[in-house]
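Structure assessment
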Amino acid sequence: MTAHPDRAIASAAAAVRARLGGLQPRIAIVLGSGLGGLVRRIADPVEIPYAAIPGFPIPAIPGHAGRAVAGRIGEAQVLAYAGRFHPYEGHSPADVALPVRVAHALGAHTLLVSNAAGGIRHTFRTGDLMLIRDHLNLMWRNPLVGPVHHGELRFPDMSSPYDDELLTLLRAAAHAAAVPFVEGIYAGVLGPSYETPAEIRMLERFGADAVGMSTVPEVLCARAADMRVAGVSCITNAASGIGDARLDHADVLRATGRAQEAFDRLVVGWVRQLCAGDS
């Protein structure tokens, strides 16, 4: 960002707000690789291409459409980001977290993050939806470095980065929609190379159940702004050394495509559960 960070956030938020037509999203959703189809479940959608939002890069990775979609899921007003940008594309952690900061500036108090991830736990299967209980920041980067942004804490508490109540609602939504799920710890790494078998063995010893190249910067910024966070990983493959297959992004997108319908039912059910709990 070339402008002062707070001004850059305000400029991006103003551009989005000008398109919303009175919508006031209270829930933000970040859709990971191949999971952008959820936006079809948003009623009365307002679509905003990233190119129209100051400071938003255009995602260059297949499976990331590069558009924000605002509207309603049930009674809830939501803002979904269909696609994200990643540190491995050369973007700074602050740039990666800009969509979350914009959502917060627009009034969102809850964040759902999603991603595609490799399964480390040996019992995981391709297509499993993993509810994230905690994460490991192995990107060795943090978007909170630098000046403190307006409305954010200098030293946010990370003892419960993924909200227990929201996790309970995810479980309830999964049961109600008959969506099988697993739970675990997500390891965020820089990428873009996939991990070696030795690195996966290390991550397993660290306590990771799944690994991916996103999500952590967004959660850090959300918690600094006191947003509540829930997370879901789609397990798209067995991590290196766990299975025999060579890893390929095309296979990742095929796996998320097969899981899309179950993911949609889970998220829509979760939003409705959350909305019912707030009423």
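Residues numbered from 1 in each chain as written. Predicted model: local features only at pLDDT ≥ 70, side-chain atom pairs only at ≥ 80, totals over all residues. Heavy atoms only, no water.

So, on to the overall build of the protein. Within the protein one finds seven helices and nine strands. Over its C-alpha atoms the protein spans a radius of gyration of 17 Å, differing by no more than 12% from the 19 Å that the globule rule assigns to 279 residues. Residues counted as buried form 53% of the 279 residues belonging to the protein. Expressed as a percentage of contacts within the protein between residues at least 6 apart in sequence, the contacts between residues at least 24 apart total 83%. Surface accessibility of the protein: about 11,800 Å² in total, with carbon and sulfur atoms responsible for 53%. For the protein, the distance from the average site of its 25 positive side-chain charges to the average site of its 26 negative ones is 3 Å. (Helix = DSSP H or I, 4+ residues; strand = E, 2+ residues; numbered from the N terminus. Rg over C-alpha atoms; globule rule 2.2 N^0.38 Å. Buried < 20%, exposed > 50% of the residue type's maximum accessible area, 1.4 Å probe, protein only. Contact = heavy atoms within 4.5 Å. Areas by Shrake-Rupley, 256 points an atom, 1.4 Å probe, with all protein chains shown as cover. Lys, Arg positive; Asp, Glu negative; His and termini not counted. Charge placed at Lys NZ, Arg CZ, Asp CG, Glu CD.)

This structure, assessed with the given rule, holds twelve salt bridges. Here Arg121 and Asp209 are joined by a salt bridge, their closest N and O atoms 3.1 Å apart. Taken as a pair, Arg121 in the loop between strand E5 (110-119) and strand E6 (129-138) and Asp209 in the loop between helix H5 (197-206) and strand E8 (210-212) lie far apart in primary sequence, 88 residues in all. For Asp226, the salt bridge identified is with Arg223, shortest N-O distance 4.0 Å. (Salt bridge = Lys/Arg side-chain N within 4 Å of Asp/Glu carboxyl O.)

A few words now on the pairing of strand E7 (residues 182-189). Burial analysis of E7 places eight of its eight residues in the buried class, which makes it a mostly covered element. Where E7 lies against E8, three bridges are found, and the strand directions are parallel. Residue pairing for E8: Gly188 is matched across the bridge by Gly212. In this region the chain leaves E7, passes through H5 and returns to the parallel neighbour E8; the handedness of that crossover is right-handed. (Pairing = 2+ DSSP bridges. Right-handed = clockwise from strand over helix to strand, strands pointing away.)

The next thing to look at is the packing of aromatic side chains. Tallied over the full model, the rule gives five aromatic pairs. Summarising the aromatic geometry, the rings of Phe56 and Phe85 are spaced 5.7 Å apart at their centres and angled 75° between planes, so their arrangement reads as edge-to-face. Within this pair, whereas Phe56 is found in the loop between strand E2 (43-49) and strand E3 (67-73), its partner Phe85 is found in the loop between strand E4 (76-82) and helix H2 (93-96), the two being separated by 29 residues in sequence. For Phe85, a relative accessible area of 1% corresponds to the buried category. Members of the aromatic cluster, connected to one another through ring pairs, are Tyr50, Phe56, Tyr81 and Phe85. (Phe/Tyr/Trp six-rings, centres within 6.5 Å; stacked < 30°, edge-to-face > 60°.)

Attention shifts here to the packing of helix H1 (residues 5-20) against helix H3 (residues 98-105). One can describe the packing of H1 onto H3 by two numbers: an axis separation of 9 Å at closest approach and a directional angle of 65°. H3 is crossed by H1, and the crossing has right-handed handedness. Contact with H1, carried on its side by Ile9, Ala12, Ala13, Val16 and Arg17, involves Leu98, Arg101, Val102 and Ala105 of H3 and no other residues of that element. Among the residues making up the contact of H1 with H3, the classes are represented as seven nonpolar, no polar and two charged. (Axes fitted to C-alpha atoms, helices over the stretch in contact; angles between N-to-C directions. Left-handed = near helix turned anticlockwise from the far one by under 90°. Nonpolar A, V, L, I, M, F, W, Y, C, P; charged D, E, K, R; others polar.)

Take the nonpolar core next. Counting 45 residues, the largest nonpolar core has Ile53, Phe56, Tyr81, Val102, Leu111 and Met130 as its most contacted members. Broken down by element, this core gets its largest block of residues, six residues, from helix H6 (residues 216-224). Once residues lying within four places of it in the same chain are set aside, the contact partners of Leu111 are Ala28, Val30, Val100, Glu218, Ala222, Met227, Arg228, Val229 and Ala230. Judged by nonpolar contacts, the second largest core, of 34 residues, contains Leu112, Cys234, Val271 and Leu274. (Core = buried A, V, L, I, M, F, W, Y, C linked by side-chain atoms within 4.5 Å.)

Here three bridges tie E6 to strand E9 (residues 228-238), and the two strands are oriented antiparallel to one another. In the strand pairing of E9, Leu129 is matched with Cys234. As paired strands, E6 and E7 are joined by eight bridges and run parallel to one another. Directly across from Asn137, in E7, lies its bridge partner Gly188.

Here the residue pair Gly191 and Pro192 is connected by a cis peptide bond, since its omega of 5° sits within 30 degrees of zero. You can see Pro192 is positioned in the loop between E7 and H5. You will see that Trp140, though not glycine, has its phi angle at about 60°, which is positive. Its place among the elements puts Trp140 in the loop between E6 and helix H4 (164-176). Of the residues examined, Trp140 reaches a relative accessible area of 71% and is grouped as exposed. Residues other than glycine seldom take positive phi values, yet Asp226 does so here, at roughly 65°.

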